[in-house]
2 protein chains.
Amino acid sequence: MSSPRHITLKELAAELGVSTASVSNAFNRPDQLSPKLRERILSEARRLGYRGPDAKARSLRTGRSRIIAVVLAETLTYSLNDAVASELLSGIAEVLDAHGHTLLLLSGRQDASRVPGSSSIADGFIVYGLMPSLVLLDELQGTGRQPLVAVDFDLEGQPTVHVDDEPACYAIARHALTTPPRRPAVINLRLTEQPCNGRIGDDQALLSAERTITRARLAGFQRAFAEVGIDPAAVPMWNIEENTFEVCAPVIEAILDAPADERPDLLLCMSDRIALTALTLAEQRGLRVPEDLRITGFDGIAEGQYRAPRLTTVRQDSVEKGRIAARMILGLSPREDRLLSTKLIVGDTCP
Amino acid sequence: MSSPRHITLKELAAELGVSTASVSNAFNRPDQLSPKLRERILSEARRLGYRGPDAKARSLRTGRSRIIAVVLAETLTYSLNDAVASELLSGIAEVLDAHGHTLLLLSGRQDASRVPGSSSIADGFIVYGLMPSLVLLDELQGTGRQPLVAVDFDLEGQPTVHVDDEPACYAIARHALTTPPRRPAVINLRLTEQPCNGRIGDDQALLSAERTITRARLAGFQRAFAEVGIDPAAVPMWNIEENTFEVCAPVIEAILDAPADERPDLLLCMSDRIALTALTLAEQRGLRVPEDLRITGFDGIAEGQYRAPRLTTVRQDSVEKGRIAARMILGLSPREDRLLSTKLIVGDTCP
DNA sequence: GGACGGTTCTGTATCGATTTAGTTAGCCTA
DNA sequence: TAGGCTAACTAAATCGATACAGAACCGTCC
């Protein structure tokens, strides 16, 4: 099949003997020309296989592409398999879709120079999670041309969408501590400055407080411990670098395989993924949950609620977070910080 | 802070007293100018806050955007929460990332006119699953300008990436039928012409065979039934429209809540999501799996393997499917049909 | 009949880069 | 010293549209 060669708006105009302006208007502003001419143009376009104005040229000329970029702190592969990130993306996609925009996925892990470069094409950026390269953030902010919204971390001078991590973690810890644990433990998610999967020793530096939600979550736990008379510093802590079964499993196995008199009987986990991994591995070892081991999570992902026993956790509405960020970036709602509230879900793993 | 006004390559060139060509070359072809001049240009660019060539203009001029669009048959919200689609996207993202491309997400559910229009910006399309609107497909193919790869369905004249659905389903059904079931049943995924969640009656039209993988899967099951002397037409079938817990649950509840002497003792499900929903609901009802009810799935998603009992299923490597499609679209491997093989996973739900 | 207002249509500058063909400068060689 | 080559740089056309200012047309009203 001989491809009928690519036709442009200009050629179509020439073919019809009208100006390019009219052809453009036929596609973009029906009110600017007579219905008769418009119909003639559109039908000739169909006949010649002209698909409408070229998006590349249009976006150059108008300055807008109807593309919003989401920059994810982790690799795309990781993010796409993470329930929380997926929910966020769902919420974003829902709003963008409804307003005729599309979604460009970028990872903060890729070559920092590429992100701002290759994507000055986007009309705006939603940045999710603290980027490993702060340079990248500077670049993104520096352009100053496209709006930017931060999700789940603070970014000077830009609006942020978060949840109330500290109070939420305080609340779930308080709930868990109403039954005094003999040996509580905390499993953090990306708390340390240097990557670490395992026990957090005294020698490990923690991330600076203002840059991450992890610190806020831990602070909530610790406030609750202090309040019931447990020295927060005495509670053993572990760290997980990546919120996946594969990474969590060995750490949790090490915890559960400790002698019974050293094994924790309460695990406060910073994500449902961690908590569910703990639950699965505990069950495999014949430990009874919650009798032998109580477990709490964070996030409220579906997987934890549609199983037995149901996970005790804090529900954060990541879909809504995405919707809000998307509306802000589209200018449908004011660009200002938003703090969403969370909800304690008392399931079966820590009644 | 007074935004220092947006600067262009041309202005930068004027500022430096060199030609725009040299500035362009400084960014794109270091070998075309002296290191000295290049350094002068780059440092001046830094000083003035010039972030490199504008992506919109560059893509117009060069005709390439380094963006690959993935068109998903379902809504983005749905696809992002579906483990199989997410895996596919992971594989695609992995390859695109490695080759400096980015990923634009489009849904075949949105206004058909918008997809080809708003995204003639993409350098290529990966289309996943049969679009509800065939018009859209025609449009996409019609452009003829950008390459297109189909995943999980056949598209005339375009390369396709699939798995061997029929043999795979034949194999798992044969495995399941080695223990003769008293009352086998099949739960299909999107098999009917008209949307339907529930029992498939004789009155319902099935999708035409060449347009969907569902028919191939069913054919595999049926071949196995026939081979062991069970009349395929006598096996009750249900249909599920959307691969989510929420949609599956009521259908499966209806199946499980039937009187014990009518309740199936073997469920062949067309996805792991369906199978896992059945498993959860069966457990809630105190049914023993596999003693009272045997269940098989399809896909091999992680969730089915990291739980007890482990799901008996067919593993298809969706990540690899994504990688292959992405390589094809980037021209890294030949544009030709690819059939991936699957693997029977004998878990605990149907030993 | 001419001024006026409104609609419809056109000519052309412009968006911000890339790229080809061509110029200039500098060096080597015979 | 002229001729030839290469390296370094530039001028200008081009990618495919949009949008402004203005031209042409048409009917109306005084």
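It should be emphasised that the depicted structure is a prediction, and the values quoted were computed from it without experimental measurement.

J.: Can you tell me about the overall build of chain A, naming the residues and giving the values?
T.: A tally of helices and strands in chain A yields 14 helices and 13 strands. Computed over its C-alpha atoms, the radius of gyration of chain A comes to 26 Å, more than 25% above the 20 Å expected for a compact globule of 351 residues. Dimensions along the principal axes, computed over C-alpha positions, put chain A at roughly 90 × 40 × 35 Å. Here chain A, with 351 residues, has 55% of them falling under the buried criterion. Looking at chain A as shown, the accessible area adds up to about 14,900 Å², and 50% of this sits on carbon and sulfur atoms. Taken as two groups, the 40 positive and 46 negative side-chain charges of chain A have centres that lie 10 Å from each other.

J.: Provide a residue-level description of the protein's contact with DNA strand C, including the pertinent values.
T.: Residues in contact with DNA strand C amount to 27 residues; listed here are only the nearest, Arg61 of chain A together with Leu9, Ser24, Asn28 and Arg61 of chain B. When the atoms of DNA strand C within 4 Å of the protein are grouped by moiety, sugar and phosphate amount to 67% of the total. In the environment of DNA strand C, a base oxygen lies 3.4 Å from a nitrogen or oxygen atom belonging to the side chain of Thr20 of chain A. At 2.6 Å, a side-chain N or O of Asn28 of chain B approaches a phosphate oxygen of DNA strand C. Secondary-structure elements contributing two or more residues to the surface near DNA strand C are helix 2 (20-28) and helix 4 (55-62) of chain A together with helix 2 (20-28) and helix 4 (55-62) of chain B. Partitioned by chemical class, the residues of the surface near DNA strand C number ten nonpolar, twelve polar and five charged.

J.: Let's hear about the packing of helix 2 of chain B against helix 3 (residues 35-48) of chain B: which residues, and what values?
T.: All names here are of chain B. At a minimum axis distance of 9 Å, the contact between helix 2 and helix 3 shows a crossing angle of 90°. With respect to helix 3, the axis of helix 2 lies roughly perpendicular. Residue-level contacts link Ser22, Val23, Ala26 and Phe27 of helix 2 to Leu37, Arg38, Ile41, Leu42 and Ala45 of helix 3. Residues of the contact of helix 2 with helix 3, tallied by class, amount to seven nonpolar, one polar and one charged.

J.: Requested: an account of the interface of chain B and chain A, with residues and values cited.
T.: On the side of chain A, 48 residues touch chain B, which itself brings 48 residues to the contact. In this assembly, chain B packs against chain A so that about 4,400 Å² is buried in total across both faces, 57% of it on carbon and sulfur atoms. At the junction of chain B with chain A, the criterion picks out zero salt bridges. Those elements that provide at least two residues to the side of chain B that touches chain A are helix 4, helix 5 (76-81), helix 6 (83-98), strand 2 (102-107), helix 7 (114-118), helix 8 (134-143) and helix 11 (245-256) of chain B. If one sorts the elements of the side of chain B that touches chain A by residue count, helix 6 of chain B sits on top with seven residues. Considered class by class, the residues forming the side of chain B that touches chain A number 17 nonpolar, 17 polar and 14 charged. With three bridges connecting them, strand 2 (residues 102-107) of chain A and strand 2 of chain B associate as antiparallel partners. Within strand 2 of chain B, the residue paired with Leu105 of chain A across the bridge is Leu103 of chain B.

J.: Lay out the pattern of salt bridges with the relevant residues and their values.
T.: Side chains carrying opposite charge are able to pair once their charged atoms draw close together. Applying the stated criterion across every chain yields a total of 30 salt bridges over all chains. Linking Arg323 of chain A and Glu94 of chain A is a salt bridge whose minimum nitrogen-to-oxygen distance equals 2.9 Å. Linking Arg323 of chain A in helix 14 (residues 318-329) with Glu94 of chain A in helix 6 (residues 83-98), this pair joins segments that are 229 residues apart in sequence. Take Glu94 of chain A: its relative accessible area is 34%, and that puts it in the partly exposed class. Between Arg315 of chain B and Glu87 of chain B there is a salt bridge, and its shortest N-O distance comes to 3.8 Å.

J.: Which residues make up the sheet that holds strand 6 (residues 184-189) of chain A, and what values go with them?
T.: All names here are of chain A. Reading across the sheet, the five strands line up as 7-8-6-9-10 and stay open at both edges, with mixed pairing between neighbours. Each edge of the open sheet is held by one strand with a lone partner, namely strand 7 (198-199) and strand 10 (294-296). Two strands pair when backbone bridges link them, and strand 6 and strand 9 (residues 266-269) are joined in this way by four bridges, in the parallel orientation. Residue Ile187 lies in a different strand from strand 9, and its bridge partner there is Cys269. Relative to strand 6, helix 10 (residues 213-227) is tilted by about 170°, and along the sheet it contacts strand 6, strand 8 (237-240) and strand 9. Of the strands in this sheet, strand 6, strand 7, strand 8 and strand 9 are in contact with helix 11 (residues 245-256), which crosses strand 8 at around 160°.

J.: Before we move on, can you summarise the sheet that holds strand 6 (residues 184-189) of chain B with the specific residues and values?
T.: Through backbone hydrogen bonds, the strands of a sheet pair up, either in parallel or in antiparallel fashion. All names here are of chain B. A sheet is described by the order of its strands in space; here five strands give the open sequence 7-8-6-9-10, paired in mixed fashion. The open sheet has two edge strands with one neighbour each: strand 7 (198-199) and strand 10 (294-296). Across the sheet, helix 11 is in contact with strand 6, strand 7, strand 8 (237-240) and strand 9 (266-269); its angle to strand 8 comes to roughly 160°.

J.: An account of the protein's contact with DNA strand D is needed here, citing residue identities and associated values.
T.: Taken together, 28 residues lie around DNA strand D, and Leu9, Ser24, Asn28 and Arg61 of chain A together with Arg61 of chain B are the ones closest in. Counting only atoms of DNA strand D within 4 Å of the protein, the sugar-phosphate share comes to 68%. In the model, a phosphate oxygen of DNA strand D is placed 3.1 Å from a nitrogen or oxygen of the Ser19 of chain B main chain. Ser22 of chain B has a polar side-chain atom sitting 2.7 Å from a phosphate oxygen of DNA strand D.

J.: Explain the relation of the copies chain B and chain A to me, and be specific about the residues and the numbers.
T.: Its rotation angle being 180°, the transformation that places chain B on chain A also includes 0.0 Å of axial translation and leaves an RMSD of 0.1 Å. Such a combination of rotation and displacement between the chain copies is what one expects of a two-fold axis. Minimal C-alpha separation from the rotation axis in chain B is found for Leu104 of chain B, amounting to 2.2 Å. In this assembly the copies share their binding face: 100% of the residues contributing to the interface of chain B also contribute to that of chain A.

J.: Give me the lowdown on the domain arrangement of chain A, citing residues and values where you can.
T.: Under the domain assignment used here, chain A contains domain 1 (9-53), domain 2 (67-162) and domain 3 (165-317 + 340-345). Each of domain 1 of chain A and domain 3 of chain A was reduced to a C-alpha centroid, and the two centroids are 62 Å apart.

J.: Can you explain the side chain of Asp152 of chain A? Please cite residues and give values.
T.: Residues and elements named next belong to chain A. Residue position: Asp152 is located in the loop between strand 4 (148-151) and strand 5 (160-163). For Asp152, a relative accessible area of 7% gives the class buried. Engagement of the side chain of Asp152 in a polar contact is seen with the side chain of Lys321, the distance being 2.8 Å. The residues touching Asp152, leaving out its near neighbours within four places in the chain, are Tyr128, Val161, His162, Ile213 and Lys321.

J.: Give a detailed account of the packing of aromatic side chains, specifying residues and quantitative values.
T.: One pass over the structure, following the stated rule, counts two aromatic pairs over all chains. With 5.6 Å between their ring centres and 70° between their planes, Phe27 of chain A and Tyr50 of chain A make a pair best called edge-to-face. Remark: Tyr50 of chain A occurs in the loop between helix 3 (35-48) and helix 4 and Phe27 of chain A occurs in helix 2; sequence separation between them is 23 residues. Above the ring of Tyr170 of chain A, the side-chain terminus of Arg223 of chain A is found at 3.8 Å from the ring centroid. Positioned above the aromatic ring of Phe298 of chain B, the side-chain terminus of Arg217 of chain B is 3.8 Å from the ring centre.

Reading the values: rules and limits
Residues numbered from 1 in each chain as written. Chains lettered and ligands numbered in written order. Predicted model: local features only at pLDDT ≥ 70, side-chain atom pairs only at ≥ 80, totals over all residues. Heavy atoms only, no water. Helix = DSSP H or I, 4+ residues; strand = E, 2+ residues; numbered from the N terminus. Rg over C-alpha atoms; globule rule 2.2 N^0.38 Å. Buried < 20%, exposed > 50% of the residue type's maximum accessible area, 1.4 Å probe, protein only. Areas by Shrake-Rupley, 256 points an atom, 1.4 Å probe, with all protein chains shown as cover. Lys, Arg positive; Asp, Glu negative; His and termini not counted. Charge placed at Lys NZ, Arg CZ, Asp CG, Glu CD. Near = heavy atom within 4 Å. Polar contact = N/O pair within 3.5 Å; in protein donor to acceptor, adjacent residues only side chain to side chain. Nonpolar A, V, L, I, M, F, W, Y, C, P; charged D, E, K, R; others polar. Axes fitted to C-alpha atoms, helices over the stretch in contact; angles between N-to-C directions. Parallel < 35°, antiparallel > 145°, perpendicular 65-115°, else oblique. Contact = heavy atoms within 4.5 Å. Buried area = accessible area lost by both parts, 1.4 Å probe. Salt bridge = Lys/Arg side-chain N within 4 Å of Asp/Glu carboxyl O. Pairing = 2+ DSSP bridges. Least-squares fit on C-alpha atoms with pLDDT ≥ 70 in both. Domains from an automatic or database assignment. Phe/Tyr/Trp six-rings, centres within 6.5 Å; stacked < 30°, edge-to-face > 60°. Lys NZ or Arg CZ within 6 Å of the ring centre and 35° of its normal.

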